[in-house]
Amino acid sequence: MIETSKINIKAADKLLKLPKYIFAELDEWKEEARKKGIDLIDLGIGNPDGATPAPVVEAALKSIQDPKSHGYPSFRGKIEFRQAIADWMKRRYNVTIDPYTEIQTLIGEKEGLANVAMAFTNPGDINIVPDPYYPVLSRGTWIASGEVFHVKLKKENNFLPDLNEIPEEIAKKAKIFFINYPNNPTAAIAPMEFLERVVDFCRKYSILLISDMAYGEVVFDNYRPISIFEVEGAKDVAIEFHSFSKTFNMAGWRAGFAVGKKEFIDIIYAMKSNIDYGTSTLVQDAAIKALTMPYEYVQKIMDEYDERRELIAQNMTELGWDVYRTPATMYFWLKIPKGYTSKEWCKMVLEKTGVVFTPGIAFGDMSDDHFRFSIVQSEARLKEAFRRMREAGIKFS
Ligand SMILES: *Cc1c(COP(=O)(O)O)cnc(C)c1O
């Protein structure tokens, strides 16, 4: 028998080559702090802290009692679910989507974003991803052995990518352009005139435009984000992705969907049907309820977030930060004080106060000068976090 030490089985290079997942490192820091007996206030995560609305839970309970929910689900999503999605897109964004051909339901949006990158990217292809970015927007490409061209999102451009910073030869070669508005982590929103420019750009260079609308409903002050399909000509180049996680406090259920023209949806379907069996019927039934229940359930979640947003903006301003405010998302994107990398500063704050922030570097190499403050803790815990920060002398200077 060959000696165990001589056996050498490794992960594929594309996995080994991936940059370290900073969120895993953050977990290690937290674990260490807990061991020292520090009471953590985690403002690092993007996991909604509230319960899923009761009607959704009840719909799931009812569904699980029905043997029809026990077999393999339909790949595309049951037609009742796709119809509910089409009706919702009409109601919220006034766009018309064919429920039979233009929707693919997903096991959470993240799965769809990874699969769409893999379905369209050949080894060596270039995809464009603004930095900072939600990790899967780059990692899907890397896993597909593609290259990522990053464009920096700058505050002076309201965290919208400057298309002039994309060299012509990159644009000509690019396969996919990923955008995410309302944006995680910067909270930026995209005006119509930007969306029109990016659609024009993608039409000009035959680039697939992926719009990640995970925060499309995490909005305040009556702001309504724009669906990419409200832009004329977008359907020829774009696919839009939506999630149930943030809107309905359903992160653990794993539900999302992609919308686009039949040819694109068929490609996602082809990819997925080789890998998974679709969203479980029980989750689909719950998701139908989420889309059709009175909007007040969503409003209640957002009203609570809005109070926290006020509290955070006020306190961070008092502590010296220039707070970038928009009417969307659960995040604040704030500058790291001079003299620190984002990891150094966040680690220092964690050790002194037990308050956890996400270092900007977790969202891309160009974002080491910021950190993300997430609002997903109760008002009482937020107040405690500010009390500790003041006591420890944490401020912007
Ligand atoms: C949370 C999030 C998603 C995906 O959420 P799922 O839970 O997988 O549906 C996608 N994009 C961004 C920017 C997110 O923050």
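What you see is a predicted model; the values in this text were computed from it and never measured.

## Some points on the packing of aromatic side chains
Right, on to step 1. In the structure shown here, the tally under the stated rule is 25 aromatic pairs.
Right, on to step 2. With 5.8 Å between their ring centres and 85° between their planes, F75 and Y269 make a pair best called edge-to-face. Of this pair, F75 sits in the loop between α3 (54–64) and α4 (79–93) while Y269 sits in helix α9 (residues 262–273), and the two are 194 residues apart along the sequence.
Right, on to step 3. Judged by relative accessible area, which is 29%, F75 ranks as partly exposed.
Right, on to step 4. Look at W321 and F371: their rings are 5.9 Å apart centre to centre, the planes differ by 75°, and that puts the pair in the edge-to-face class.

## Focus on the packing of helix α11 (residues 296–318) against helix α13 (residues 379–391)
Right, on to step 1. Running from N to C, α11 and α13 cross one another at 5°; their axes reach a closest spacing of 10 Å. Taken together, the axes of α11 and α13 are roughly parallel relative to one another. Of the residues in α13, those in contact with E307, R308, L311, I312, N315, M316 and E318 of α11 are E379, L382, K383, F386, M389 and R390.
Right, on to step 2. Taken together, the residues of the contact of α11 with α13 break down into 6 nonpolar, 1 polar and 6 charged.

## Describing helix α6 (residues 136–143)
Right, on to step 1. Among the 8 residues in α6, 6 count as buried, and that is most of the element.
Right, on to step 2. For α6, every residue scored as buried is listed here: V136, L137, S138, R139, G140 and T141.
Right, on to step 3. Among the structural elements, α5 (109–120), β3 (126–131), β4 (147–152), β5 (174–179) and β6 (208–212) are those in contact with the buried residues of α6.
Right, on to step 4. The first or second residue beyond α6 is S145, which carries a positive phi of 60°.

## Considering a nonpolar patch on the surface
Right, on to step 1. Together, I2, I7 and I9 make up a nonpolar patch on the protein surface, roughly 370 Å² of accessible area in all.
Right, on to step 2. Classification of I2 as exposed rests on a relative accessible area of 59%.

## Quick notes on the environment of L382
Right, on to step 1. Looking at where L382 falls in the secondary structure, it is placed in helix α13.
Right, on to step 2. With 188 residues separating them in the primary sequence, L382 and F194 have C-alpha atoms 34 Å apart.
Right, on to step 3. Dropping the residues within four chain positions of it, L382 is found in contact with L43, R308, L311, I312, F373, I375 and Q377.

## Description of the sheet that holds strand β9 (residues 331–335)
Right, on to step 1. The 3 strands are arranged β9-β12-β11 in an open sheet whose pairing can be described as antiparallel. Among the strands making up the open sheet, the edge pair consists of β9 and β11 (358–359).
Right, on to step 2. The pairing of β11 with strand β12 (residues 370–374) spans 2 bridges and is antiparallel. By the bridge assignment for β12, P359 is matched with F371.
Right, on to step 3. Those strands touched by α11 are β9 and β12, and its axis lies near 10° from that of β9.

## Re the site of the ligand
Right, on to step 1. Among the 14 residues in the neighbourhood of the ligand, the closest are listed as D212, Y215, S243, S245 and K246.
Right, on to step 2. Between the ligand and the protein, one listed contact pairs an oxygen atom with a side-chain N or O atom of N184 at 2.9 Å.
Right, on to step 3. Between Y215 and the ligand, the recorded distance is 2.6 Å, taken from a side-chain N or O atom to an oxygen atom.
Right, on to step 4. Here the ligand loses 95% of its free accessible area of 380 Å² to cover by the protein chains.
Right, on to step 5. Of the pockets mapped on this structure, the ligand occupies the largest pocket.
Right, on to step 6. The element contributing the most residues to the shell around the ligand is α5, with 3 residues.
Right, on to step 7. Here the residues of the shell around the ligand are counted per class, giving 4 nonpolar, 5 polar and 5 charged.

Criteria and thresholds
- In this numbering scheme, every chain counts its residues from 1 along its sequence in written order.
- Confidence filtering applies because this is a predicted model: local features only for residues at pLDDT of at least 70, side-chain atom pairs given and counted only at 80 or more, and all residues used for totals across whole chains, interfaces and linings.
- Side-chain metrics rest on all non-hydrogen atoms present in the structure, leaving aside hydrogens and water.
- We call Phe, Tyr and Trp rings a pair once their centres come within 6.5 Å, taking the six-membered ring for Trp, and we label the pair stacked below 30 degrees between planes, edge-to-face above 60, and tilted otherwise.
- A run of H or I in DSSP counts as a helix once it spans at least four residues, and a run of E counts as a strand once it spans at least two, with each numbered from the N terminus.
- Accessible area is worked out with a 1.4 Å probe on protein chains only. A residue is then buried under 20% of its type maximum, exposed over 50%, and partly exposed in between.
- To define axes, lines are fitted to C-alpha atoms, for helices over the stretch in contact only, and angles between the resulting N-to-C directions are given on a 0 to 180 degree scale.
- Roughly parallel refers to an angle under 35 degrees, roughly antiparallel to one over 145, roughly perpendicular to one between 65 and 115, and oblique to any angle outside these ranges.
- Here, residues are in contact when the closest pair of their heavy atoms is within 4.5 Å.
- Nonpolar residues are Ala, Val, Leu, Ile, Met, Phe, Trp, Tyr, Cys and Pro. Charged residues are Asp, Glu, Lys and Arg, and all others, Gly as well, are polar.
- Within this analysis, patches are made of residues with over 30% relative accessible area and no salt bridge. Like charges are joined at 9 Å or less; nonpolar side chains (Val, Leu, Ile, Met, Phe, Trp, Tyr) at 5 Å or less.
- For every accessible area listed, the method is Shrake-Rupley and the probe measures 1.4 Å; residues are considered covered only by the protein chains on display.
- We define a salt bridge as a contact between a side-chain nitrogen of Lys or Arg and a carboxyl oxygen of Asp or Glu at a distance within 4 Å.
- Here, any two strands with at least 2 DSSP bridges between them count as paired.
- Only a single heavy atom is needed: when it lies within 4 Å of a molecule or strand, its residue is near that molecule or strand.
- Here a polar contact is recorded for every N or O atom pair within 3.5 Å, except that within protein the pair must consist of a potential hydrogen donor and a potential acceptor, and residues adjacent in sequence are included only if both atoms are side-chain atoms.
- Residues are called lining when one of their atoms sits within 4 Å of a cavity or pocket point, these points coming from a 1 Å grid over the protein atoms alone, where a cavity is a set in which a 1.4 Å probe fits but cannot get out and a pocket is an open set with protein on both sides within 12 Å along at least five of seven lines.
- The rule for placing a molecule in a cavity or pocket is simple: more than half of its atoms must lie within 2 Å of the grid points.

Just geometry here; none of it tells us what the structure is for.
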